[in-house]
Amino acid sequence: MDSKVLTEVRDTTRIERVSAHSHIRGLGLSDELEPRETSQGMVGQKKARRGAGVMLQMAKTGRIAGRAVLIAGQPGTGKTAIAMGMAQSLGKDTPFTAMGASEIFSHDMSKTEALTQAFRKSIGVRIKEEAEILEGEVVEIEVERPATGSGQKIGKLTIKTTDMETVYDLGQKMIEQITKEKIIAGDVVSIDKASGRVSKLGRSFTRARDFDASSGSVRFVQCPEGELEKRKEVVHTVTLHEIDVINSRAQGYLALFSGDTGEITSEVRNQINKKVAEWREQGKADIIPGVLFIDEVHMLDIECFSFLNRALEDEMAPIMVMATNRGVTRIRGTDYKTAHGLPTDLLDRLIIIRTEPYTEDELRLILKTRCEEEDVNMEDMALNVLTKIANDSSLRYAIQLITPAALHAKRKKSKQVSVEDVRKCYGLFMDEKRSTEYLKEYEEHFLYGEVSDRTAKMEI
Ligand SMILES: Nc1ncnc2c1ncn2[C@@H]1O[C@H](COP(=O)(O)OP(=O)(O)O)[C@@H](O)[C@H]1O
Ligand SMILES: [Mg+2]
């Protein structure tokens, strides 16, 4: 398997759903994992943030996998926000996958396949490779242009270390690279022999005098010692899912771009697992358990839960973080009611992180952060009104009002959003509470209207 190809497709799976949480830049914890009052866009909810930070620390050290965390609390108490904060504070080498539980019902694949893919997207494989490189100071570059003016260019490159000097033939591709990187005599370069990639490490100290000191940004390095040809270790991280897709012959790596990966056979996965196990034994690869986040987890059904139970036992399982706003409710696919709608054997494995309702001060700070994020200048009084709305109806509704209120202010060519702008939008767009009252009042005017028994309707 050529792992060079793998590195090039690395970035395609890191798509995060952030827009409502784009102000969140981390968990806002100190190095000792103490939550700061407000930091990285996070406000309050300190216990939950600290709990999430401790779990992350476990994920980062990579040795403790297969744990499951449940973030439980009322709607709008920052459960999803905390998960997004976790994603942001993981290093770029630790995979993080976020999904809504109901997504797995909309895939054109079985539920267990969708979950398996989610698991394998959350497990990183750090592959170590030895690469052969040339490292030395450029003595001379000669390029011969063909007499006809067109056709292949050829050339010669002379490079040296403090101990030796060698002349290499250059092909068309290498000449292009050297021109692109603007390599000239006196540069210290590194050339990957397999791919032919040239990178400039800096200018040789011996050429320091040739340079105008004011030109600033030049980095001077020593001319390398010893052999010109060296072996170096290169490390890159891919997810198990990426390896699966690239090696499933029916799909090929292009499927990673379209997202249309279809089902992957268990033969392919078994082979990959075997190969990865081999690499681990030979010291060529390490497993990095990442984080799998499943939001609104009560939407999963009993089959999914039993799959999760088993998957968590796997040697390579990631840390699973789930979120729910349900109290005692029915487990989907059964007639049983349990805490959070999760089966008791799964509940048994969980560490539960609670989110608490916000105080008015905290709500105000969150709204203020959101205004800054959306580049909205809001009067103090208007922010107070918005805070009251957040307290009386919901934080999310109050956040939703920021943009329309700002548009309203802009139309009046006013630079600041006033109480009036907020009030206008409050009148224009209903929140859930007022909308329900309205429906009750005019029930008989709606087709099939029947809202008096709301709780029964909410059952899934
Ligand atoms: N502690 C917090 N600090 C900053 N923003 C927050 C905080 N808690 C919630 N929010 C923001 O409030 C909104 C609602 O929170 P959300 O995380 O969606 O709630 P939940 O998932 O618990 O229903 C989101 O835009 C979220 O980013
Ligand atoms: Mg949520």
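Residues numbered from 1 in each chain as written. Chains lettered and ligands numbered in written order. Predicted model: local features only at pLDDT ≥ 70, side-chain atom pairs only at ≥ 80, totals over all residues. Heavy atoms only, no water.

- Looking at an unreviewed UniProt entry, one finds the chain named RuvB-like helicase, with Oikopleura dioica as its source organism.
- For the chain, the Sequence similarities (unreviewed entry) comment in UniProt is given as "Belongs to the RuvB family."
- Under the UniProt heading Catalytic activity (unreviewed entry), the note attached to the chain is "ATP + H2O = ADP + phosphate + H(+)". (UniProt positions renumbered as here; feature names shortened; annotations may be inferred.)

1. Side note on the environment of lysine 128
Here is step 1 of the chain: Mapped onto the secondary structure, lysine 128 falls in strand β5 (residues 123-144).
Here is step 2 of the chain: C-alpha of lysine 128 to C-alpha of glycine 283: the two residues are 155 residues apart in sequence and 8.1 Å apart in space.
Here is step 3 of the chain: Look past the residues within four positions of lysine 128 in its chain and what remains in contact with it is Glu233, Val234, Val235, Gly283, Lys284 and Asp286. (Helix = DSSP H or I, 4+ residues; strand = E, 2+ residues; numbered from the N terminus. Contact = heavy atoms within 4.5 Å.)

2. Quick word on the confidence of the model for the chain
Here is step 1 of the chain: Predicted confidence across the chain gives a mean pLDDT of 84, with 87% of residues reaching 70 or more.
Here is step 2 of the chain: This stretch, residues 1-18, has a pLDDT under 50; its non-local contacts, to residues over four places away or in other chains, come to 38 contacts.
Here is step 3 of the chain: Confidence drops under a pLDDT of 50 for residues 454-460, and excluding neighbours within four residues, the segment shows nine contacts in the predicted structure. (pLDDT = per-residue confidence, 0-100.)

3. Comments concerning the site of ligand 1
Here is step 1 of the chain: Around ligand 1 sit 20 residues, and of these Val43, Lys79, Thr80, Tyr358 and Arg396 come closest.
Here is step 2 of the chain: Between ligand 1 and the protein, one listed contact pairs an oxygen atom with a side-chain N or O atom of threonine 80 at 2.8 Å.
Here is step 3 of the chain: Across the shell around ligand 1, the residue classes break down as 10 nonpolar, eight polar and two charged.
Here is step 4 of the chain: Counting only domains with at least three residues in the shell around ligand 1, you end up with domain 1 (38-122 + 290-354) and domain 3 (360-441). (Near = heavy atom within 4 Å. Polar contact = N/O pair within 3.5 Å; in protein donor to acceptor, adjacent residues only side chain to side chain. Nonpolar A, V, L, I, M, F, W, Y, C, P; charged D, E, K, R; others polar. Domains from an automatic or database assignment.)

4. Observations regarding the nonpolar core
Here is step 1 of the chain: Core analysis: the biggest nonpolar cluster contains 29 residues, and Phe119, Ile294, Val297, Leu300, Phe305, Leu308 and Met320 have the highest contact counts within it.
Here is step 2 of the chain: When contributions to this core are tallied by element, the ones reaching two or more residues are β3 (68-72), α5 (111-121), β13 (291-295), α10 (302-311), β14 (319-324) and α11 (344-347).
Here is step 3 of the chain: Per-element accounting of this core gives the leading share, five residues, to α10.
Here is step 4 of the chain: Those residues within four positions of isoleucine 294 in sequence are excluded, and the remaining contacts are Met99, Ala101, Leu115, Leu300, Leu308, Met320, Val321, Met322 and Ala323. (Core = buried A, V, L, I, M, F, W, Y, C linked by side-chain atoms within 4.5 Å. Buried < 20%, exposed > 50% of the residue type's maximum accessible area, 1.4 Å probe, protein only.)

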